[in-house]
Every structure is written in C-alpha cells, then in structure tokens.
Amino acid sequence: MADKKIKIRQIGSPIRRPKSQRAILTGLGLGKMHREVELIDTPEVRGMIRKLPHMVQVIEG
C-alpha cells in the first residue's frame with residue numbers, strides 16, 4: 001500500500017506569531033508565503049495542521 005500524500009499551502013505570515021507556531025511551520029517545511037509542500041498523511045502532520053488553521057490550507061488533489 002502506497003503512503004497517502006497531502007498537499008499543504010502556507011496562507012499566513014509567520015511575522016508576529018509565537019515561536020511555537022513558527023517552529024511548526026518549519027517542521028512542515030514551510031516558512032514563506034504561498035509555498036506548497038507535499039507530505040505523507042500521518043496523524044502527526046494532521047495535528048500540526050490543526051494547530052495552524054489560520055496559516056495553512058490543505059489543497060485537495
């Protein structure tokens with residue numbers, strides 16, 4: 001079974017955000033506006049996305 005992938009786009013700026021939120025963005029492989037990454041869909045990645053609903057967007061596809 002192939003690992004399911006999830007595509008994430010950063011829609012919020014890390015400026016004036018707590019260090020913990022900036023660290024989560026870095027952990028997801030993001031950091032600059034409108035960047036997109038494709039990650040393996042794991043509970044850990046989903047949890048990181050839930051912490052930043054105002055800064056990241058899950059792209060369907």
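Here is what the cut-offs are and how they apply
- Residues numbered from 1 in each chain as written.
- Predicted model: local features only at pLDDT ≥ 70, side-chain atom pairs only at ≥ 80, totals over all residues.
- Heavy atoms only, no water.
- UniProt positions renumbered as here; feature names shortened; annotations may be inferred.
- Helix = DSSP H or I, 4+ residues; strand = E, 2+ residues; numbered from the N terminus.
- Rg over C-alpha atoms; globule rule 2.2 N^0.38 Å.
- Buried < 20%, exposed > 50% of the residue type's maximum accessible area, 1.4 Å probe, protein only.
- Contact = heavy atoms within 4.5 Å.
- Lys, Arg positive; Asp, Glu negative; His and termini not counted.
- Charge placed at Lys NZ, Arg CZ, Asp CG, Glu CD.
- Core = buried A, V, L, I, M, F, W, Y, C linked by side-chain atoms within 4.5 Å.
- Pairing = 2+ DSSP bridges.
- Axes fitted to C-alpha atoms, helices over the stretch in contact; angles between N-to-C directions.
- Salt bridge = Lys/Arg side-chain N within 4 Å of Asp/Glu carboxyl O.

- The protein appears in an unreviewed UniProt entry as Large ribosomal subunit protein uL30 from Sphingopyxis witflariensis.
- As its UniProt record puts it under Sequence similarities (unreviewed entry), the protein is described as follows: "Belongs to the universal ribosomal protein uL30 family."
- The record held by UniProt for the protein lists under Subunit (unreviewed entry) the comment "Part of the 50S ribosomal subunit."

1. Regarding the overall build of the protein
Link 1 in the chain: Looking only at helices and strands, the protein has two helices and three strands in total.
Link 2 in the chain: Beginning at the N terminus, the succession of helices and strands in the protein can be written as β-α-β-α-β.
Link 3 in the chain: The C-alpha atoms of the protein give a radius of gyration of 11 Å, which matches the 10 Å a tight globule of 61 residues would have.
Link 4 in the chain: For the protein, the spread of C-alpha atoms along the three principal axes comes to 40 × 20 × 15 Å.
Link 5 in the chain: Counting the 61 residues in the protein, one finds 26% classified as buried.
Link 6 in the chain: Contacts in the protein between residues far apart in sequence, at least 24 positions, make up 72% of those at least 6 positions apart.
Link 7 in the chain: Of the side chains in the protein, 13 bear a positive and 6 a negative charge, and the two mean positions are spaced by 12 Å.

2. Focus on the nonpolar core
Link 1 in the chain: In terms of nonpolar packing, the biggest core is built from 12 residues, these being Ile-6, Ile-8, Ile-24, Leu-25, Leu-28, Leu-30, Val-37, Val-45, Ile-49, Leu-52, Met-55 and Val-56.
Link 2 in the chain: At the level of secondary structure, the elements contributing two or more residues to this core comprise strand S1 (5-10), helix H1 (19-28) and helix H2 (43-51).
Link 3 in the chain: When sequence neighbours within four positions are dropped, the list of residues in contact with Leu-30 reads Ile-8, Gln-10, Leu-25, Arg-35, Glu-36, Val-37 and Val-56.

3. Focus: the sheet that holds S1
Link 1 in the chain: Ordered in space as S2-S1-S3, the three strands form an open sheet in which the pairing is antiparallel. If you trace the sheet from one side to the other, it starts and ends with strand S2 (36-40) and strand S3 (56-59), each paired once. Taken pair by pair, the neighbouring strands of this sheet meet at an average axis angle of 35°, ignoring direction.
Link 2 in the chain: Bridging between S1 and S2 involves five bridges; their strand directions are antiparallel. Following the sheet pairing, Ile-8 is matched in S2 by Val-37.
Link 3 in the chain: Sitting on the sheet, H2 touches S1, S2 and S3, and the angle it makes with S1 is about 25°.

4. Some words on the pattern of salt bridges
Link 1 in the chain: Scanning the entire structure with this criterion turns up three salt bridges.
Link 2 in the chain: One salt bridge in this structure joins Arg-9 and Glu-36, with 2.6 Å as the shortest N-O distance. Of this pair, Arg-9 sits in strand S1 while Glu-36 sits in strand S2, and the two are 27 residues apart along the sequence.
Link 3 in the chain: When its relative accessible area of 26% is taken as the criterion, Arg-9 is described as partly exposed.

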